[in-house]
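# Chain and residue survey
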Amino acid sequence: MAGIYIHIPFCKSRCIYCGFYSTTLLNLRKEYINAVCQEMELRKDYIREPFSTIYLGGGTPSLLDESDFKMLFHYINKVYNVDEDAEITIECNPDDVTPEFASMLGRLPVNRVSMGAQTFSDNRLKLLHRRHNSSEVPRAVKLLREAGIKNISIDLMFGFPDESLSQWQEDISAALALNVEHISAYSLMYEEDTPLWKMLENNKVKEIDEELSLAMFKELVGRLTNAGYEHYEISNFARPGFRSRHNSSYWHQVPYIGLGAAAHSFDLKSRQWNVADLKRYIEDINNGIVPMEREELDSNTTFNDIITTALRTSDGIDLKMTETKLGVQYKNTLIACAKKHIDKGLLKISEGRLKLTDKGIFISDMIMSDLMIV
């Protein structure tokens, strides 16, 4: 199987924490969609196998209109071989989910929606410069259900400046009340060169301490697993049968093609990424050129990639696959380096897979760093 990612970089306004490539040049939407469709034609042979997932991310894909979506899906099905039961996800903002938008989704092949709730505190939403308010999230879920969407994911954030554990508990309760199939939850990150980073540098906000952040993460894991969600990746929780198939491809060495400005691709042998410049992307594509950079992957890089992706998941690292893909020396090196963490109860080997234990999850970054080849 393989995946298709399409980057829709348009936003009405920029959130202060976002480090992804985006633009407010909404007048270029039609030209951009035409260019993405042309890129499909230019890269029709990049991955020669059926595609089982499609993901429209951003930016804000929900800013497109129905004709844009229909054009994208027309070209996807024209150029690529897509499985009949493919998981097709679109990201959206809660305030974009109107009755008209939900009805439109019912006419498209979309079967999964990922929505950026982030928090149910209006004050914290204002801090982030989010466009929606907390009441719009349950309203959006209701409209999506009425439109027949049976697979909904929401994003949450914790670790806001001055946020308390009890406030985070309230956010978790609000999320659980929605009864969605999937929840992704991340600690607020201070990405370099974002407005939030500059606020931190100028002492206008302060990071929460590590002990409180850890307590929030433990609260998240406990509450969601007790509610029946499977903790299948460090930051992701799913009802049984509702893991994100597309994101899982990133964590398990599955090839994918990324279309659009700043989109990344992986064909098992190399990674490539398109230029993060909307106007240059459109101009080059119109001239028959895909504006991208490429990195060939050697065995050490692939080994490190496996550690930083597969080890994040509850499935862990398949040791036999590591041996088959890279050679027995890499498998033996991994087991040898993991031994001290196994002895401390941070890692375990179960059914031929190296996995983080419940204790190890809380210091996963340190463990991964220790296992990598430098």
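Structure shown above.
Report follows, based on the coordinates. (Residues numbered from 1 in each chain as written. Predicted model: local features only at pLDDT ≥ 70, side-chain atom pairs only at ≥ 80, totals over all residues. Heavy atoms only, no water.)

Within soluble globular proteins, side chains that are nonpolar generally end up buried alongside one another. With 95 residues, the main nonpolar core has I6, Y32 and L72 as its most contacted residues. The element contributing the most residues to this core is helix α1 (residues 29-42), with six residues. Not counting residues within four places of it along the chain, the set of residues in contact with I6 comprises V36, M40, Y55, L56, G57, L72, I76 and L259. Judged by nonpolar contacts, the second largest core, of twelve residues, contains I16, Y17, L128 and L188. (Core = buried A, V, L, I, M, F, W, Y, C linked by side-chain atoms within 4.5 Å. Buried < 20%, exposed > 50% of the residue type's maximum accessible area, 1.4 Å probe, protein only. Helix = DSSP H or I, 4+ residues; strand = E, 2+ residues; numbered from the N terminus. Contact = heavy atoms within 4.5 Å.)

Quick look at the side chain of E136 now. Summarising the element assignment, E136 is placed in helix α5 (residues 136-146). One buried charged residue, E136, remains without a salt bridge, the closest side chain of opposite sign being R139 at 4.1 Å. At 2.7 Å, the side chain of E136 and the backbone nitrogen of N133 are in polar contact. Among residues more than four places away in sequence, those in contact with E136 are P94, D95 and R131. (Lys, Arg positive; Asp, Glu negative; His and termini not counted. Salt bridge = Lys/Arg side-chain N within 4 Å of Asp/Glu carboxyl O. Polar contact = N/O pair within 3.5 Å; in protein donor to acceptor, adjacent residues only side chain to side chain.)

Pairing in this open sheet of three strands is antiparallel, and the strands run β13-β15-β14 from one edge to the other. Unpaired on one side and paired on the other, β13 (317-318) and β14 (347-350) mark the two borders of the sheet. When β13 meets strand β15 (residues 353-356), the two strands line up antiparallel, connected through two bridges. By the bridge assignment for β15, D318 is matched with R353. Strand contacts of helix α13 (residues 328-343): β13, β14 and β15, with the helix running at about 120° to β14, the strand carrying the most contacts. (Pairing = 2+ DSSP bridges. Axes fitted to C-alpha atoms, helices over the stretch in contact; angles between N-to-C directions.)

For any pair of aromatic rings, the description rests on two quantities: the centre-to-centre distance and the angle between the ring planes. The full count for this structure, using the stated rule, is ten aromatic pairs. Measuring from centroid to centroid gives 5.4 Å for F303 and Y330, while their planes differ by 45°, and the two rings are tilted. In this pair, F303 is assigned in helix α11 (residues 299-310) and Y330 in helix α13, connecting sequence segments 27 residues apart. When sorted by exposure, F303 lands in the same class as Y330, which is buried. (Phe/Tyr/Trp six-rings, centres within 6.5 Å; stacked < 30°, edge-to-face > 60°.)

Looking now at the environment of D193. Positionally, D193 belongs in the loop between β6 (182-187) and α7 (195-201). For the pair D193 and G106, spaced 87 residues apart in the sequence, the C-alpha separation amounts to 39 Å.

To continue, consider unusual backbone geometry. Geometrically, the link from G58 to G59 is a cis peptide bond, its omega value of 15° lying close to zero. Its location among the elements puts G59 in the loop between β2 (51-58) and α2 (66-79). Phi angles above zero are rare outside glycine, and H129 is one such case at about 65°. Mapped onto the elements of the fold, H129 is located in the loop between α4 (122-128) and α5. Even without glycine at this site, N179 takes up a positive phi of about 55°. Topologically, N179 is positioned in the loop between α6 (165-177) and β6.

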